[in-house]
Amino acid sequence: MSQQPNPAGSGGEWIPTSCNACFNVCAIRVLCKDGKIVDIKGEHRAPSSRGKICGKAKARITDLYNPKRVTGPLRRTNPQKGIGTDPMWEEISWETAMDEVVARLEKIHADDPRKLIVSTFDLCNFYIAQSFGTAFGTPNYEFYPVSCGNGLHSVFFLTLGTINSEIDLERCNYIMLWGSQLGHGVNNNPLEAIRHMAEARKRGAKLVVVDPICGVAASKADEWIPIRPGTDGALALGMANVLLNDCGIYDRDFLRNRTNAPYLVSASGQYVRDEGTGHPMVWDRAQNKALPYDDATIEELAIEGSYEVGGIPCNPSFHLLKNHLKDNYSLDKVEKITTVPSETIQRIAREFGEAASIGSTIEIDGETLPLRPAALEFKRGITHHKNGFFNVFSLQLLNTMVGNLDVPGGLIGTNANGPVGYWNVYAGKDGMVTSNIYDNISGGRGSFACFMSPYPPNPVAAPERLNLRELLPLSGFIPGTCAFTIDDPEKFKIPYRPEAMITCRTNMVVSNNDPKFQADMLKKLDFILSFAIKIDETTEFADIVLPETHDFEKYWFFPANQPAGFQKPGEGSWYFQTIQPVVAPPEGVRNWIDVMMEIADRLGIIGELNAELNNMLGLGIYEDLALAADRRYTIEEIHDRAAQLFAMMFGKEVTPDLFTDAKPILEGDKKDIEECYPGCFTDARVPIYLEHLIEVGENIRQVTDSIGMDWWDTSHYHPLAQWRPCPAHEEDGSEYDLFIASSRLPLHGQSHSADNPWVDDVCRHSRMDYNILLNNETASRKGICDGDTVWIESKTARVRGKVRVTGAVHHETLGILGGHLGQWAKEKTIARGKGVHINSLVAHDWDMVGTITGQLDTCARVKIYKDEG
């Protein structure tokens, strides 16, 4: 079933596979000569690349042949751990390493399996972390080395029924990027998005970018709107106020029929419900009476006005939202919060609303669909704050008001309706947008590959998991909270002390706030096993290091491109990429998935692990594909079975040549129109009013009070979108008078690319990296000149770097290009000491965590001064 390339690549051959340099996992072709990789190109037969490739993928050749690569098991001999502390590694055999690892894990398994943590951000291979953790008996397999996405993915689930979203660039005429660089080599499906963005601009689409830093996207936009960091939600609500109360521009039909805008709300903030069905009530203006929202006799839904139902005064939720915006987000107030001029706010709101062409239609495949050719897109920069959930929800409200969700020209969710009905969006509790994607794929648990559907809300309970999921029931993704509970389990009422961690493809010391906090947290663990290609800042804390294969040397789980997360939405065909080794790994280097399978086998839990993989991969659907309980499989065998499953889904014949070098992509059917634009064909409603937050917040308050955690803040659980200041906004700015912000660079992916010599070379010669951006007026006031060496100091740390004086950054902001520079691991001979490590400047404090989704704020105040040394 698997392709069988010649690992030696004699004579030179192009071998198809996929690149794991970032979460997009583009299809590539790799040229091998004499057993070495000498070139990489995009796979022209794959929609994800169409023959194109990005710089960081090309540069990954050098990672394979890095002289500092780990090629054999290592054991720590220095009992002391800390930043900059030499582990004093000694080389040991695989047999010795595995014996020690298994002995350590056996002891934990017998005592309390929950004391083990499995941590990875290898999204393509997260299945092994979750499956191993579940088989072992620990719920702690959701600790990732990132601090983003909590609110973002939760809001996408609530409004689109899937993980991610993209603008329909092929039809959009007014594109707003907000803390995002879609179409500029960053974000989802970057290679395809670059092409579609270029074509959109060529035909005259307007591009507006809102960002504290004039990054790659802003530099190519029609308009860049600099904004004070962390105030995006206020700007969005100010724009919504203009649309609703000043201009009267909103899609009334969409609001009536596809949102909870008509639902009647009492003074308690909760829905008025039908006594018989318990369903939310609406007011039918034609019949002049209240009815359940799904009553078949409804003629004309009211979205404004005051009514009385059974003696209870009430209003439609849209009425409440409109008044809330008018009372709290006037132009003058929003200008003071954001520094964006009132005239600009009013103008771009009107431009956006008018460009949406509310009421227009388009015919596609014989169907007449709504056309809304205006959309705004947002990512990490918006969600990376304590109020990140509502920041994202506020921006999504703008899309909702013009009715552009999952329709041509608008914001499209990443494949909310799966192939051949494998998953879909439907009207769930109270008629709201609900997805069965993870119920169908993950054996009904509702959790898969580090995401969990946040609606209906998950049960509230005293915490058992280290990521506090029981107290964060509305978050679909909780990456960073484990650091707090590992550091102080008693504070969070965790009923055990974590003792061990398995890590792969993580670097939490660099990727999370305040490395000193992360270091102290890791030192509290008794044992750390790391799988590593190179020794990074987190691996320096390991007790055993096992050498890991590069993704060009191994099989992964199939498919590489997850359709609900990172496969292009909208029109086109389903496609699934293969993954295969194109060169042999160095002697003594093994695929971490196969090693984890062996550890499970030696622990006697291989049957449980196989059962979990059957659930997660869907293999249990077919008896012939299901993994048996009594044997250990290789990742190659599992890859092949998953590929067969997808082939059978599309009715394709399963043959030994399912994949060949000439046919590297499993092509599915052309998407039908309901798979392309689910919003045009569903009656599931999008929330503009989050009524369920009231009950959830009260449930959390009762639980936390009962277990002695009355300090837990539930004030964020409010049904109407609201902007709240970051902790940094409320600090005295007289000494620390600037904010910091970072901008993603296309050449960098997470923290690993900083140590790549080719990426480093390009960055040094282009002045793309290693500089601090300071506004020219601010620099003049402080007597700082372009090229000066400066110190940036926060209350947490100070870092040193070279300043670039420019007009391309907000006047209250220090801009950092690249978020994971300034690394220090001993073995990182390329990255060490270059650039500024922005996370060192940000505190890792629970007061900076939003208690709706567990998002950690990355906003911090700093001061800048010359290095006079």
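Rules of the game
Residues numbered from 1 in each chain as written. Predicted model: local features only at pLDDT ≥ 70, side-chain atom pairs only at ≥ 80, totals over all residues. Heavy atoms only, no water. Helix = DSSP H or I, 4+ residues; strand = E, 2+ residues; numbered from the N terminus. Rg over C-alpha atoms; globule rule 2.2 N^0.38 Å. Buried < 20%, exposed > 50% of the residue type's maximum accessible area, 1.4 Å probe, protein only. Contact = heavy atoms within 4.5 Å. Areas by Shrake-Rupley, 256 points an atom, 1.4 Å probe, with all protein chains shown as cover. Lys, Arg positive; Asp, Glu negative; His and termini not counted. Charge placed at Lys NZ, Arg CZ, Asp CG, Glu CD. Pairing = 2+ DSSP bridges. Axes fitted to C-alpha atoms, helices over the stretch in contact; angles between N-to-C directions. Expected span 1.5 Å × (residues − 1). Salt bridge = Lys/Arg side-chain N within 4 Å of Asp/Glu carboxyl O. Polar contact = N/O pair within 3.5 Å; in protein donor to acceptor, adjacent residues only side chain to side chain.

**Some thoughts on the overall build of the chain**
- A count of helical and extended segments in the chain gives 25 helices and 34 strands.
- Here the chain has a C-alpha radius of gyration of 26 Å; the compact-globule value for 869 residues is 29 Å, and the two agree.
- Judged by the C-alpha coordinates and their principal axes, the chain covers about 80 × 70 × 60 Å.
- Buried positions account for 65% of the 869 residues belonging to the chain.
- Contacts in the chain between residues far apart in sequence, at least 24 positions, make up 70% of those at least 6 positions apart.
- Element-wise, carbon and sulfur atoms account for 47% of the exposed surface of the chain, whose accessible area totals about 29,000 Å².
- Positive and negative side-chain charges in the chain, numbering 86 and 114 respectively, have mean positions lying 6 Å apart.

**Some details on the sheet that holds strand E2 (residues 27-33)**
- Taken in spatial order, the three strands make up an open sheet running E1-E2-E3, and their pairing is antiparallel. Only two strands of the sheet have a single partner each, and these edge strands are strand E1 (13-18) and strand E3 (36-42). Across this sheet, the average inter-strand angle for adjacent strands is 30 degrees, counted without regard to direction.
- Taken together, the six bridges between E2 and E3 define a ladder with antiparallel strand orientation. Its bridge partner lying in E3, Ile28 is registered against Gly42.

**A look at helix H21 (residues 635-649)**
- Along its 15 residues, H21 runs 21 Å from first to last C-alpha, staying within 8% of the 21 Å computed at 1.5 Å per residue.
- Among the 15 residues in H21, twelve count as buried, and that is most of the element.
- Within H21 the residues assigned to the buried category are Ile635, Ile638, His639, Asp640, Arg641, Ala642, Ala643, Gln644, Leu645, Phe646, Ala647 and Met649.
- For H21, the elements touching its buried residues are strand E27 (573-577), helix H19 (592-603), helix H20 (606-617) and strand E28 (665-670).

**Let's talk about the side chain of Asp211**
- Here Asp211 lies in the loop between strand E9 (206-210) and helix H7 (216-219).
- For Asp211, which is buried and forms no salt bridge, the nearest opposite charge comes from Arg380, at a distance of 8.5 Å.
- There is a polar contact of 2.9 Å between the side chain of Asp211 and the backbone nitrogen of Ile213.

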